[in-house]
Amino acid sequence: MPTLLLQHADILATMDDNGQEIPDGGLFARDGVIQQVGPTAELPTTADLVIHARGMVVLPGLVNTHHHLYQTLTRAVPAAQDATLFEWLKTLYPIWARLTPEAVYVSALVGLAELMLSGCTTASDHLYIYPNGCRIDDEIRAAQEIGIRFHASRGAMSLGESRGGLPPDHVVEDENFILKDMQRAVETYHDPSRYAMLRIVLAPCSPFSVTPDLMRETAAMARAYGVHLHTHLAETLDEEQFCLERFGRRPVGYAEDLGWVGDDVWYAHGVHVNSEEIALLARTGTGVCHCPSSNMRLASGIAPVRAYLDAGVPVGLGVDGSASNDSSHMLAEARMAMLLQRVMGNPRGLTAREALWLATRGGAAVLGRDDIGQLAPGFAADFIAFRLDRLDYAGALHDPVAALVFCTPQRVDLSVVNGRVVVEEGQLLTVDLGPIVERHNAIARRMVRGE
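Heads up: these notes are all about the structure in this document. In this text the structure is predicted, and so the values were computed from the model without any measurement. (Residues numbered from 1 in each chain as written. Predicted model: local features only at pLDDT ≥ 70, side-chain atom pairs only at ≥ 80, totals over all residues. Heavy atoms only, no water.)

Notes on the nonpolar core
Move 1: Among the nonpolar cores identified, the biggest contains 129 residues, and W88, W96, L99 and F150 are the most heavily contacted of them.
Move 2: Here this core gets twelve residues from one element, more than from any other, and that element is helix α2 (residues 101-117).
Move 3: Every residue in contact with L99, bar those within four places of it in the chain, is listed here: Y70, L73, V104, I129, P131, N132, C134 and M447.
Move 4: Counting residues in hydrophobic clusters, the runner-up holds 19 residues, among them L27, I51, A53 and A381. (Core = buried A, V, L, I, M, F, W, Y, C linked by side-chain atoms within 4.5 Å. Buried < 20%, exposed > 50% of the residue type's maximum accessible area, 1.4 Å probe, protein only. Helix = DSSP H or I, 4+ residues; strand = E, 2+ residues; numbered from the N terminus. Contact = heavy atoms within 4.5 Å.)

What follows is the structure, given as structure tokens:
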């Protein structure tokens, strides 16, 4: 079995339960699993692959818990630049209706490359629109090629405008077909084993784009197969008003009525919640993915992350769709999370290390994984490293770990996933990005222009 030795990191931040940060640290892994972590002097001296990390800060790979990779094709579309969520969606639905299987595949490569270069080693994506023969398989192929640990969420929209929903009728699917394809995806791809590189999540899109029946049936299917559930919830006041008018319940109460609470469920956003709803999420172990950049971009509000954490709600981070964030940079998202909790007046609203915790341990917990998110024996060998001698960190080496969050977010210099080096000296090793970006831009132009 192949072995890997990382040695002489200036600081190795384990993100373990004790928050251990090891000077001159390192780790030893075998077959993609960490065997030892500690000072370099206490580790083996040889391995099949030896990585010298002097001058670097090392930490666990970041975990992205909500994204829409296909939206890399519609970043900065002029008509959607200054819109609320509902306005933004109505502008972009007709463009997304032109998606093809190639577009899903290429956009996934682009978004995943961005994530990996920002320090992400595990990503969950929410694909909920399937026109023109598109399938979840198209982005799974991209994830497998690029080498990221991946949770593919088979999303869905079934409630079109003619039945009171938000999306146009021509972009929704039949619910019987949705359920059959969800079953197919789980049976074809889901790997429940420890250290799995690919898992399937079932993810009806939102209260305003699917029916209560689909939500209930999806929950039943997910629990029969032992997979997780995911949806958008409590993102905007427009959504809250929709739920009150249509269901007579606020979004969290509506989800509870449908059985959508529990430690196998996580919501994207969770912006508009009250103290009783926060207590419910904490009591049931229901997770929340905080998407600070997207929430700011669409003027949705500020999620009460401090209150969530104090109550014990599992919280991870997500970059969200690349058309509502226009970026796929996980370290930037951690920084935004920290700053956004402080802007309301509390300079201790979120610390730098808490932000990194959300981006690692928090994300792992939200995805239901106890094998990633920290550097400790028995955990996956997923880790990243940043060089500290760059201009951007000059004068910040008093606390290199905090500098990653306080200073301008950087790309990683090194990334290892499952014991495999995927980024070296700041370059992605698994795919050739030049032709991919060129093709991606061509597809994006065609889609937006309606060609």
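Comments concerning helix α1 (residues 85-96)
Move 1: Over its twelve residues, α1 runs 15 Å from end to end, which matches the ideal 16 Å to within 8%, given 1.5 Å per residue.
Move 2: Every buried residue belonging to α1 is among L85, F86, W88, L89, L92, Y93, I95 and W96, and all of these are buried.
Move 3: The inward-facing, buried residues of α1 contact α6 (237-247), α9 (292-297) and α14 (433-449). (Expected span 1.5 Å × (residues − 1).)

Side note on the packing of helix α11 (residues 330-342) against helix α12 (residues 352-366)
Move 1: Relative orientation of the contacting elements α11 and α12 amounts to 130 degrees, with a least axis distance of 9 Å. By the angle class used here, α11 and α12 are oblique. In this structure, the crossing between α11 and α12 has a hand that is right-handed. Here α11 contributes M330, L331, A334, M338 and R342 to the contact with α12, which in turn contributes A352, A355, L356 and A359.
Move 2: Class assignment for the residues of the contact of α11 with α12 results in eight nonpolar, no polar and one charged. (Axes fitted to C-alpha atoms, helices over the stretch in contact; angles between N-to-C directions. Parallel < 35°, antiparallel > 145°, perpendicular 65-115°, else oblique. Left-handed = near helix turned anticlockwise from the far one by under 90°. Nonpolar A, V, L, I, M, F, W, Y, C, P; charged D, E, K, R; others polar.)

Focus on the environment of G378
Move 1: Secondary-structure assignment places G378 in the loop between α12 and β14 (383-387).
Move 2: What makes G378 partly exposed here is its relative accessible area of 24%.
Move 3: Taking the C-alpha atoms as reference points, G378 and N325, 53 residues apart in sequence, are found 35 Å from one another.
Move 4: If we ignore the near neighbours within four places in the chain, the residues touching G378 are V33, I34, R194 and Y195.

Regarding the packing of α2 against α14
Move 1: Two elements in contact, α2 and α14, have axes separated by 9 Å at closest approach and are oriented at 125 degrees. Classified by the angle their axes make, α2 and α14 are oblique. Handedness of the crossing formed by α2 with α14: left-handed. Counting all contacts with α2, which are made through E102, A103, V106, S107, L109, V110, A113 and L117, the residues of α14 involved are L433, I436, R439, H440, I443 and M447.
Move 2: Taken together, the residues of the contact of α2 with α14 sort by class into ten nonpolar, two polar and two charged.

With respect to unusual backbone geometry
Move 1: One non-glycine residue with positive phi stands out, namely M15, at about 60 degrees.
Move 2: Within the secondary structure layout, M15 lies in the loop between β1 (3-13) and β2 (21-30).
Move 3: On the basis of relative accessible area, M15 is assigned to the buried category, the value being 6%.

Re a nonpolar patch on the surface
Move 1: A grouping of I302, V343 and M344 is seen on the molecular surface, where their side chains present a nonpolar patch of about 280 Å² in accessible area.
Move 2: By the element assignment, I302 lies in the loop between α9 and α10 (305-311).
Move 3: On the basis of relative accessibility, which here comes to 31%, the residue I302 falls in the partly exposed class. (Patch = residues over 30% accessible without salt bridge, like charges linked within 9 Å, V, L, I, M, F, W, Y side chains within 5 Å. Areas by Shrake-Rupley, 256 points an atom, 1.4 Å probe, with all protein chains shown as cover. Salt bridge = Lys/Arg side-chain N within 4 Å of Asp/Glu carboxyl O.)

Description of the pairing of β1
Look at any regular strand and the pattern is simple: side chains alternate between the two faces of the sheet.
Move 1: With nine of its eleven residues buried, β1 lies for the most part within the structure.
Move 2: With eight bridges connecting them, β1 and β2 associate as antiparallel partners. When the bridges of β2 are listed, A9 appears paired with G25.
Move 3: As judged from the four bridges shared by β1 and strand β4 (residues 49-52), these two strands associate in the parallel manner. Opposite Q7, over in β4, you have H52 as the bridge partner.
Move 4: Pairing of β1 with strand β5 (residues 56-60) involves two bridges; the strand directions are parallel. Bridge pairing in β5 links I11 to V57. (Pairing = 2+ DSSP bridges.)

Structural notes on the packing of aromatic side chains
Move 1: In total, this model carries eight aromatic pairs according to the counting rule given.
Move 2: Ring centres 5.6 Å apart and planes at 75 degrees place the aromatic pair W88 and W96 in the edge-to-face group.
Move 3: Looking at W88, the relative accessible area reads 3%, which means it is buried.
Move 4: Joined through ring pairs, the aromatic side chains of Y70, W88, Y93, W96 and Y128 make up one cluster.
Move 5: Directly above the ring of Y105 sits R141, whose terminal nitrogen or CZ lies 3.6 Å from the centroid.
Move 6: It is R154 that lies over the ring of Y130; its NZ or CZ is 4.0 Å from the centre. (Phe/Tyr/Trp six-rings, centres within 6.5 Å; stacked < 30°, edge-to-face > 60°. Lys NZ or Arg CZ within 6 Å of the ring centre and 35° of its normal.)

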